[in-house]
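As a plain string of letters, each chain reads:
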Amino acid sequence: YYGFVVYLVSLTTFAVYLLWAYLPDPVLEAAGITYYPERYWALAMPAWWMSAVAAIFLFNMAANMYHTPLLNSINNITDSQSLLPREMNCADKFFCDEVGGIPPIGDLPISLVNMCLYQ
């Protein structure tokens, strides 16, 4: 029900906005509406809102680009939160002894990934 109420309120608000923006002053005064904002705001507010939304998107993209490490950075491979296994020097230790076994949770070192993929 709340979605329908929000839909009706937004539709009514938009209709009132369009009436205020397009009807001339004598028609509004004949309807008894004498106190309303200047017509300047009919164009200024949507322009301000669209500019603000565009600025937020651009700022978000710029912040993400600023905080992304460079392509040749070691932080793309490992960081302080990595859980590297202690005894994983070769690919044989990665696989469990029993069939269907699951190795302990941890990040794979890039040397092991390269060894499994390229040898």
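Computed from a prediction, not measured in an experiment: that's the story for all the values here.

Chemist: Teacher, can you tell me more about the overall build of the protein here?
Modeler: For the protein, the helix and strand inventory stands at four helices and zero strands. Its helices and strands taken in sequence order, the protein reads α-α-α-α from the N to the C terminus. The buried share of the protein, reckoned over its 119 residues, is 8%. Restricting the contact set of the protein to residue pairs at least 6 apart, pairs at least 24 apart contribute 29%. Accessible surface, the protein: about 11,000 Å² in total, of which carbon and sulfur atoms supply 68%.

Chemist: Even after reading the chapter, I still don't get the packing of aromatic side chains, so can you show me in this structure?
Modeler: Each aromatic ring pair is characterised by the separation of its centres together with the angle its planes make. Here the structure, examined in full by the defined rule, presents four aromatic pairs. Each ring, one from tyrosine 17 and one from tryptophan 20, has its centre 5.9 Å from the other, and the planes form 55 degrees; the classification is tilted. Taken as a pair, tyrosine 17 and tryptophan 20 lie in helix H1 (residues 2-22) at a separation of three residues, close to a single helical turn. On the basis of an interplanar angle of 75 degrees and a centroid distance of 5.0 Å, the ring pair of tyrosine 40 and tryptophan 41 is categorised as edge-to-face. Classification of tryptophan 41 by relative accessible area gives partly exposed; the value is 37%. Connected via pairs of aromatic rings, a cluster forms that spans Phe14, Tyr17 and Trp20.

Chemist: So what exactly am I meant to see when it comes to the packing of H1 against helix H3 (residues 40-67) here?
Modeler: When two helices pack together, their arrangement is given by the angle between their axes and by how far apart the axes lie. Following both chains from N to C, one finds H1 and H3 inclined at 130 degrees, their axes separated by 8 Å at the closest point. In terms of their interaxial angle, H1 and H3 are classed as oblique. Seen from H1, the contacting residues are Tyr17, Trp20 and Ala21; seen from H3, they are Trp41, Ala42 and Pro46.

Chemist: Would you explain a nonpolar patch on the surface in this entry?
Modeler: A cluster of nonpolar side chains, namely Tyr40, Trp41, Met45, Trp48 and Trp49, defines an oily patch on the protein surface of about 650 Å² accessible area. Positionally, tryptophan 49 belongs in helix H3. A residue is classified by how much of its surface remains accessible, and tryptophan 49, at 58% relative accessible area, is exposed.

Chemist: Can you help me understand the pattern of salt bridges in this one?
Modeler: A side chain of one charge can pair with a side chain of the opposite charge when the charged atoms of the two come close. Using the criterion set out here, one finds one salt bridge in the structure. Between arginine 39 and aspartate 25 there is a salt bridge, with the nearest N and O atoms lying 2.8 Å from each other. Within this pair, whereas arginine 39 is found in the loop between helix H2 (25-30) and H3, its partner aspartate 25 is found in helix H2, the two being separated by 14 residues in sequence. Under the relative-accessibility criterion, aspartate 25 is labelled partly exposed at 36%.

Chemist: Help me out: how do you make sense of the confidence of the model for the protein in this one?
Modeler: Per-residue confidence for the protein averages 83 on the pLDDT scale, and 82% of its residues sit at or above 70. Taken element by element, the protein is modelled with least confidence in helix H4 (residues 110-118), mean pLDDT 77, and with most confidence in H3, mean pLDDT 96.

Rules and cut-offs
Residues numbered from 1 in each chain as written. Predicted model: local features only at pLDDT ≥ 70, side-chain atom pairs only at ≥ 80, totals over all residues. Heavy atoms only, no water. Helix = DSSP H or I, 4+ residues; strand = E, 2+ residues; numbered from the N terminus. Buried < 20%, exposed > 50% of the residue type's maximum accessible area, 1.4 Å probe, protein only. Contact = heavy atoms within 4.5 Å. Areas by Shrake-Rupley, 256 points an atom, 1.4 Å probe, with all protein chains shown as cover. Phe/Tyr/Trp six-rings, centres within 6.5 Å; stacked < 30°, edge-to-face > 60°. Axes fitted to C-alpha atoms, helices over the stretch in contact; angles between N-to-C directions. Parallel < 35°, antiparallel > 145°, perpendicular 65-115°, else oblique. Patch = residues over 30% accessible without salt bridge, like charges linked within 9 Å, V, L, I, M, F, W, Y side chains within 5 Å. Salt bridge = Lys/Arg side-chain N within 4 Å of Asp/Glu carboxyl O. pLDDT = per-residue confidence, 0-100.

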